[in-house]
Amino acid sequence: MTRQVRLLLLGSGLLGLGALFAWAIAGLPAFGDYQGPYGFVLNRIVLPLRHTTNVVMGTNFDVRGLDTMGEEFILYASVVGVTLLLRDETRSRLAERRTRRFRDDTVRLVGVAMVGAGFLIGLWLMAFGYITPGGGFQGGVVTAGAIVLLYLVGNHRDYRPFRNEHLLDPFEAVGAGGYVIVGLAALASGTAFLANLFGLGTPGMLRSSGSIAILNWASAIAVTVAMLLLFAEFLETYVVPLEPEDAGS
Amino acid sequence: MVLATLVPLQAVAFGLVALGAPLVVLTRDPLRQALVNGIYGVSLVCLFVVLEAPDPALSMLAVSGIGYPLVILAAVARVRGHERTEEDEEQ
Amino acid sequence: MSYLPFAVAAWICLVGIAGIATSRNLIHLAICLTVTQSSSYVLLLSVGYVKHGKAPIFIGTKLGTTAVDPVVQALTLTDIVVSVVVIALILALALDAHRLSGTVDPDQITDIAG
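Engineer: Break down the interface of chain B and chain C for me, with residues and values.
Structural biologist: By a frequent convention, interface size equals the accessible area lost on bringing the separate parts together. In this assembly, 37 residues from chain B lie in contact with 43 residues from chain C. Of all elements in the fold, only α1 (8-26), α2 (30-50) and α3 (54-90) of chain B reach the threshold of two or more residues within the side of chain B that touches chain C. Each residue belonging to the side of chain B that touches chain C can be placed in one class, and the counts come to 27 nonpolar, 6 polar and 4 charged.

Engineer: Run through the environment of A:Leu229, naming residues and quoting values.
Structural biologist: Residues and elements named next belong to chain A. Mapped onto the elements, Leu229 comes out in helix α10 (residues 211-234). Each C-alpha atom of the pair Leu229 and Trp23 lies 44 Å from the other, and the pair is 206 residues apart in sequence. Here Leu229 is in contact with Val79, Glu165, Leu168 and Glu172, once residues within four sequence places are set aside.

Engineer: Run through the interface of chain C and chain A, naming residues and quoting values.
Structural biologist: Taken together, the contact between chain C and chain A spans 39 residues of the former and 44 residues of the latter. Counting only elements with at least two residues in the side of chain C that touches chain A, the list comes to α1 (4-21) and α3 (70-101) of chain C. Looking at which element gives the most residues to the side of chain C that touches chain A, the answer is α3(C), with 16 residues. Across the side of chain C that touches chain A, the residue classes tally to 30 nonpolar, 6 polar and 3 charged.

Engineer: Now, about the nonpolar core: what can you tell me, with residues and values included?
Structural biologist: A:Leu230, B:Val71, B:Ala75 and C:Leu91 are the most contacted members of the largest nonpolar core, which has 130 residues in total. No other element matches α3(C), which puts 19 residues into this core. If sequence neighbours within four positions are ignored, A:Leu230 has contacts with A:Val79, A:Val82, B:Val71, C:Val85 and C:Ala88.

Engineer: Would you mind going over helix α9 (residues 165-188) of chain A in detail, with residue names and values included?
Structural biologist: Residues and elements named next belong to chain A. Taking 1.5 Å as the rise per residue, α9 with 24 residues should run 34 Å; its terminal C-alpha atoms sit 34 Å apart, in good agreement. Within α9, the axis deviates most sharply at Gly177, by approximately 30°. Within α9, the full set of buried residues consists of Leu168, Glu172, Gly175, Ala176, Tyr179 and Val182. The inward-facing, buried residues of α9 contact α4 (65-86) and α10. Phi for Gly190, located one or two positions after α9, is positive at around 105°.

Engineer: Provide a residue-level description of the confidence of the model for chain B, including the pertinent values.
Structural biologist: Detailed conclusions should not be drawn from predicted coordinates in areas where pLDDT is low. Residue and element names in this part refer to chain B. This prediction gives chain B a mean pLDDT of 88; 92% of its residues lie at or above 70. The secondary-structure element of chain B with the lowest mean pLDDT is α3, recorded at 87, while α2 shows the highest, at 95. Scored by ipTM, the complex comes to 0.89, with pTM at 0.89.

Engineer: I'd like to hear about the confidence of the model for chain A, residue by residue, with values.
Structural biologist: Residue and element names in this part refer to chain A. Chain-level statistics for chain A give a pLDDT mean of 83 and a share of 88% at 70 or above. When mean pLDDT is taken per element in chain A, helix α1 (residues 3-26) scores highest with 93 and helix α5 (residues 89-95) scores lowest with 53. Under a pLDDT of 50 for its full length, residues 237-249 has, in the predicted model, 15 contacts with residues more than four places off or in other chains.

Rules behind the numbers
Residues numbered from 1 in each chain as written. Chains lettered and ligands numbered in written order. Predicted model: local features only at pLDDT ≥ 70, side-chain atom pairs only at ≥ 80, totals over all residues. Contact = placed C-beta atoms within 7 Å. Helix = DSSP H or I, 4+ residues; strand = E, 2+ residues; numbered from the N terminus. Nonpolar A, V, L, I, M, F, W, Y, C, P; charged D, E, K, R; others polar. Core = buried A, V, L, I, M, F, W, Y, C linked by C-beta atoms within 7 Å. Buried ≥ 20, exposed ≤ 12 C-beta atoms within 10 Å, placed from the backbone. Expected span 1.5 Å × (residues − 1). Bend = angle between axes of the 7 residues up to and from the residue. pLDDT = per-residue confidence, 0-100.

What follows is the structure, encoded as structure tokens:
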């Protein structure tokens, strides 16, 4: 099948799909005309029932907690897949010794400042996730980004603990498995799986929302370590000739 | 029956996103496409903020600024590294 | 005019699919896949929008003010982060294909050995 025939087939397929989309859109209610009661009900009851001011996080980890557990296991399965495809023991140990360091001092200074600031912002997003917008998922990505900056601006001894895949694997399991364990704890104490059974506290304070806080931290750890593992697996430094100043490090 | 229409700010945000998507697809070099994807991500963040969704906006900001460039650049670097070692082996 | 958001979502989806089908580089294909995924986020958030609604965070606002739907926002935010890791898996497959066949052009990877 030549490329021309394939493009023709693609065009006709896209036209058909576009027609289906147009027919579907014509049946939707107008933009802003939200009909269903589920959203309105949740906005009213999550704060009194669970003491969570961030209703989206309350939905994520409590009302629809099972869906988030599924998403977290998608994350875990993808990381396992990447590990199986890319992990190569012999080559990574050889390549680690020859890393190239950034030369420009201004860039390194800004980068070092950004590592600290990014790490703090990531922790803040994680910790206050169920009070203000934020949460484990967002904070996890930002924290992992700040740690990966170490690879750019530090020498390889700074970054090495975060590159050690055997050190990172247990933390990934803690994140994903911790979620299930909290759910099983609820099951073991007689209520439904993932029911909110820890003390609820005052809304707006850090100590609130019961098991939502614990699930938030479990998913934060899972996402952070997943991003670090991804970068560690993808990374394979080229074999470059050793520079004189790198010989000491 | 409420007939809801778009505020001009929302119309502009939707327009920018609709303009950005074909631009990302039409950039063929993966390295350049990573940058255009980042800009498209920023336009999506503006759209999510205008639609009163701060949590997805934060997610998209973190992901398009940190997540996608990380994996795309690492993949491109590894592909070029393989090609370079293959050239060295041939020579 | 009030169907523009859904039309934009459909347009982005079609553009992404066209990009995937005409791609000559596996990494370019993965990024076009992310564009297609973003169309679903735009659709979800447009469906959940309430006219004159505020964000569903009640720390400064009184309980009872009209707010937009939180369920679609919960779906979207986890989906965005998980899609990064899934794209990483697709890129790892692309790297494996490159290692085995020497090219990242999907048109030129012809032999599929079992």
